[in-house]
Amino acid sequence: APGLAKASFGELCRESKLREDILLEIKAVSKSNGLHGFETVRAIYVENEPFSDENGLVTPTFKLKRQQLRDRYESEIANLYAKFPPVASKL
């Protein structure tokens with residue numbers, strides 16, 4: 001997209017072209033490693049703020065604080081799942 005060379009990191013993270021490119025790379029790596037469709041990531045959210053002790057998302061020893069992460073990204077996670085209907089079981 002035009003003007004991305006001068007875009008801030010936050011603007012780049014919100015850019016749909018970046019997400020598309022990342023997903024294409026994930027799909028290529030998944031396919032080359034023989035993963036099935038259900039094993040491959042189908043949607044991503046790109047965060048512009050690193051996880052840190054200061055923002056309360058990791059401990060001082062860099063362990064994830066799962067509940068805080070779940071609370072903070074609840075709406076983003078719901079939006080990612082909402083983009084795709086549940087896959088019917090083949091069983």
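Cut-offs applied
Residues numbered from 1 in each chain as written. Predicted model: local features only at pLDDT ≥ 70, side-chain atom pairs only at ≥ 80, totals over all residues. Heavy atoms only, no water. Helix = DSSP H or I, 4+ residues; strand = E, 2+ residues; numbered from the N terminus. Rg over C-alpha atoms; globule rule 2.2 N^0.38 Å. Buried < 20%, exposed > 50% of the residue type's maximum accessible area, 1.4 Å probe, protein only. Contact = heavy atoms within 4.5 Å. Areas by Shrake-Rupley, 256 points an atom, 1.4 Å probe, with all protein chains shown as cover. Lys, Arg positive; Asp, Glu negative; His and termini not counted. Charge placed at Lys NZ, Arg CZ, Asp CG, Glu CD. pLDDT = per-residue confidence, 0-100.

S.K.: Got a minute to help me understand the overall build of the protein chain in this structure?
M.R.: When its secondary structure is counted, the protein chain shows 4 helices and 0 strands. Put simply, the protein chain runs from its N terminus to its C terminus through helices and strands in the order α-α-α-α. Relative to the globule expectation of 12 Å for 91 residues, the C-alpha radius of gyration of the protein chain, 16 Å, shows a markedly less compact shape. The dimensions of the protein chain, computed from C-alpha atoms along their principal axes, are 45 × 40 × 25 Å. In the protein chain, which comprises 91 residues, the proportion classed as buried is 18%. Within the protein chain, residue pairs in contact and separated by at least 24 positions form 37% of the contacts whose partners lie at least 6 positions apart. A total of about 7,500 Å² of accessible surface is found on the protein chain, and carbon and sulfur atoms cover 59% of it. Within the protein chain, the 13 negative side-chain charges are centred at a point lying 6 Å from the centre of the 14 positive side-chain charges.

S.K.: Any chance you could explain the confidence of the model for the protein chain here in plain terms?
M.R.: Caution applies to low-pLDDT regions: their predicted coordinates should not be interpreted in detail. Across the protein chain, the average pLDDT comes to 91, with 97% of residues at 70 or higher. Taking the mean pLDDT of every element in the protein chain, the minimum, 92, falls on helix α1 (residues 9-14) and the maximum, 97, on helix α3 (residues 66-72).

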